[in-house]
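Observations on the three-dimensional arrangement
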Amino acid sequence: MEDWAPRTRNVHAGTRRSQYGEMSEAIFMTQGFVYETAEQAEARFIESGPDEFIYARYGNPTVAMFEERIAALEGTEDAFATASGMAAVNGSLCAFLKAGDHVVSSRALFGSCLYILEEILPRFGVEVTFVDGTDLDQWRGAIRDDTTMVFLETVANPTLEVIDLKSVAELAKAKGALVVVDNVFATPVFSKAVELGADLVVYSATKHIDGQGRCLGGVICGTREMIRKKIEPYLKHTGGSLSPFNAWIMLKGLETIDLRCRAQAETALKIAQALEGHPALNAVLYPYLTSHPQYGIATEQMSAGGTVISMDIKGGQDAAFKVLNALEIVTISNNLGDSKSIITHPTTTTHQRLTEEQRAELGITRGLVRLSVGLEDADDLLADLKRALDVI
Ligand SMILES: *Cc1c(COP(=O)(O)O)cnc(C)c1O
């Protein structure tokens, strides 16, 4: 497998065939596993081999196939699959942190990630410092000798800021801090997170890995040592493991993820370029537009601009609502990475919990909409968007 290209790995890595020689991977819909003898049970509880399972919360053959396949794609030694993206984020933090530790995090985060860092960790004595992720001086000032972890989301939701991961990782490593990256927007296809210095790469598999909006899942990718010695014990004992059925969906999703993400990113770039300068828009944000403030970093650390575009519509919330309501192909929802195009108004939905000031700080205006570009025909999508923008 070492010399296989990503697209070959995505289809074949991690496959485990049963004695029936099934072509498509089997769903091992079982929570328990049978031992031949009492001695075998005892031995497996002391140490279980790669094809020996105990209980589905600890591991399952279908889940193991998904873990091996995503690790092969991400370029890490191992991975642990979780029940949702948030179980992965929570696990990547809690498996390593203890009272007295210090974390530095970018401020522009997915709402639930912010909740863990802002509300939960401080209750257990973990100190968290937030910085503007795009400002290296703020990272430099915040990372201390006793900082244990750096957490960031790049590309950030929904303003699509890109953080200079390589430079932040260098600052963190100089102090011996772990680098954890929530990498959903960069996708496993376009990611170079490990190459750039991430120790742990976290995904909500709910997004591009499923890619068809069917089920929740998540995954943490990293070295075997970190995954099996820290992440697995935390997650298997606290109950964040992925179900075999959902693992199977994610596993099959990986077979097509490269084709889907490339097609979606190609359409996203085409739409972003076509809508830039549209009279109804204040701004079009997309990491691979030359006008993007971190265009240089984006092209260095991702092999494409991703599948999400944000647009600031002139006329604020009223105008944004009119555009959303006028769309015929693009649907109003809040998932992303789906094969169906989805549009979201962050101020009134995903980022409603924030105050007006917090939103202003993150650049989330009342006119901002986030478009997750799907697999539909690019010209159809563009026509739908232009027609909706004409309404205002
Ligand atoms: C969706 C998302 C999550 C949470 O994932 P779930 O699967 O919904 O739990 C975390 N981080 C980012 C960046 C996301 O987009």
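Residues numbered from 1 in each chain as written. Predicted model: local features only at pLDDT ≥ 70, side-chain atom pairs only at ≥ 80, totals over all residues. Heavy atoms only, no water.

**Some words on the overall build of the protein chain**
On a plain count of helices and strands, the protein chain comes out with 14 helices and 12 strands. Against the globule reference of 21 Å for 392 residues, the protein chain gives a C-alpha radius of gyration of 21 Å, in line with a compact fold. Across its three principal directions, the C-alpha atoms of the protein chain cover 75 × 50 × 35 Å. Relative to its 392 residues, the protein chain shows a buried fraction of 55%. Summing over all exposed atoms, the protein chain offers an accessible surface of approximately 16700 Å²; the carbon and sulfur share of this is 52%. Counting 36 positive and 52 negative side-chain charges, the protein chain places the averaged centre of each group 1 Å from the other. (Helix = DSSP H or I, 4+ residues; strand = E, 2+ residues; numbered from the N terminus. Rg over C-alpha atoms; globule rule 2.2 N^0.38 Å. Buried < 20%, exposed > 50% of the residue type's maximum accessible area, 1.4 Å probe, protein only. Areas by Shrake-Rupley, 256 points an atom, 1.4 Å probe, with all protein chains shown as cover. Lys, Arg positive; Asp, Glu negative; His and termini not counted. Charge placed at Lys NZ, Arg CZ, Asp CG, Glu CD.)

**Comments concerning the packing of helix H3 (residues 61-74) against helix H10 (residues 244-275)**
At a minimum axis distance of 8 Å, the contact between H3 and H10 shows a crossing angle of 30°. Compared by their axis directions, H3 and H10 come out roughly parallel. Where H3 crosses over H10, the handedness of that crossing is left-handed. Within the contact between the two elements, H3 uses Thr-62, Val-63, Met-65, Phe-66, Arg-69, Ile-70 and Leu-73 and H10 uses Pro-244, Ala-247, Trp-248, Met-250, Leu-251, Leu-254, Glu-255 and Ile-257. (Axes fitted to C-alpha atoms, helices over the stretch in contact; angles between N-to-C directions. Parallel < 35°, antiparallel > 145°, perpendicular 65-115°, else oblique. Left-handed = near helix turned anticlockwise from the far one by under 90°. Contact = heavy atoms within 4.5 Å.)

**Section: the sheet that holds strand E11 (residues 342-344)**
Spatially, E8-E9-E12-E11-E10 is the arrangement adopted by the five strands of the open sheet, whose pairing is mixed. Unpaired on one side and paired on the other, strand E8 (281-285) and strand E10 (331-332) mark the two borders of the sheet. By the bridge criterion, four bridges tie E8 to strand E9 (residues 308-313) in an arrangement that is antiparallel. Opposite Leu-281, over in E9, you have Ile-313 as the bridge partner. (Pairing = 2+ DSSP bridges.)

**Focus on the site of the ligand**
Around the ligand, a shell composed of 13 residues is seen, among which Gly-85, Asp-182, Ser-204, Thr-206 and Lys-207 lie nearest. Between the ligand and Gly-85 there is a distance of 2.8 Å, counted from an oxygen atom to a backbone nitrogen or oxygen. For the ligand, whose accessible area on its own is 380 Å², the fraction buried by protein is 92%. Its atoms largely coinciding with the cavity grid, the ligand occupies the second largest pocket. (Near = heavy atom within 4 Å. Polar contact = N/O pair within 3.5 Å; in protein donor to acceptor, adjacent residues only side chain to side chain. 1 Å grid on protein atoms, 1.4 Å probe; cavity = no way out; pocket = protein on both sides within 12 Å on 5 of 7 lines; lining within 4 Å. Sits in = over half its atoms within 2 Å of the grid points.)

**Observations concerning a nonpolar patch on the surface**
Judged by side-chain polarity, Ile-27, Met-29 and Phe-245 come together as a nonpolar surface patch covering roughly 280 Å² of accessible area. Residue Met-29 is classed as exposed on the basis of its relative accessible area, which comes to 58%. (Patch = residues over 30% accessible without salt bridge, like charges linked within 9 Å, V, L, I, M, F, W, Y side chains within 5 Å. Salt bridge = Lys/Arg side-chain N within 4 Å of Asp/Glu carboxyl O.)

**What to know about the nonpolar core**
One finds Phe-66, Ile-209 and Ile-309 to be the most contacted residues of the largest nonpolar core, which totals 83 residues. The element that contributes the greatest number of residues to this core is H10, accounting for 12 residues. Per-domain counts for this core show at least three residues from each of domain 1 (6-253) and domain 2 (259-390). Not counting the four nearest positions on each side in its chain, Ile-309 is found in contact with Leu-160, Ala-268, Ile-271, Ala-272, Val-284, Leu-285, Tyr-286, Val-369, Arg-370, Leu-371 and Val-373. (Core = buried A, V, L, I, M, F, W, Y, C linked by side-chain atoms within 4.5 Å. Domains from an automatic or database assignment.)

**Some remarks on the side chain of Arg-44**
Relative to the assigned elements, Arg-44 resides in helix H2 (residues 38-46). Within the buried set, Arg-44 has no salt-bridge partner at all; the shortest N-O distance to an opposite charge, 4.2 Å, is to Glu-52. When residues no more than four places from it in sequence are discounted, the contact partners of Arg-44 are Tyr-35, Glu-52, Phe-53 and Ile-54.

**Observations regarding the domain arrangement of the protein chain**
Domain annotation of the protein chain identifies domain 1 (6-253) and domain 2 (259-390). For domain 1 and domain 2, the distance between their C-alpha centroids amounts to 27 Å. Opposite the 38 residues of domain 1 that make contact, domain 2 presents 38 residues. When the two sides are added together, the surface that domain 1 and domain 2 hide from each other amounts to roughly 3000 Å², 59% of it contributed by carbon and sulfur. There are one salt bridge connecting domain 1 and domain 2. (Buried area = accessible area lost by both parts, 1.4 Å probe.)

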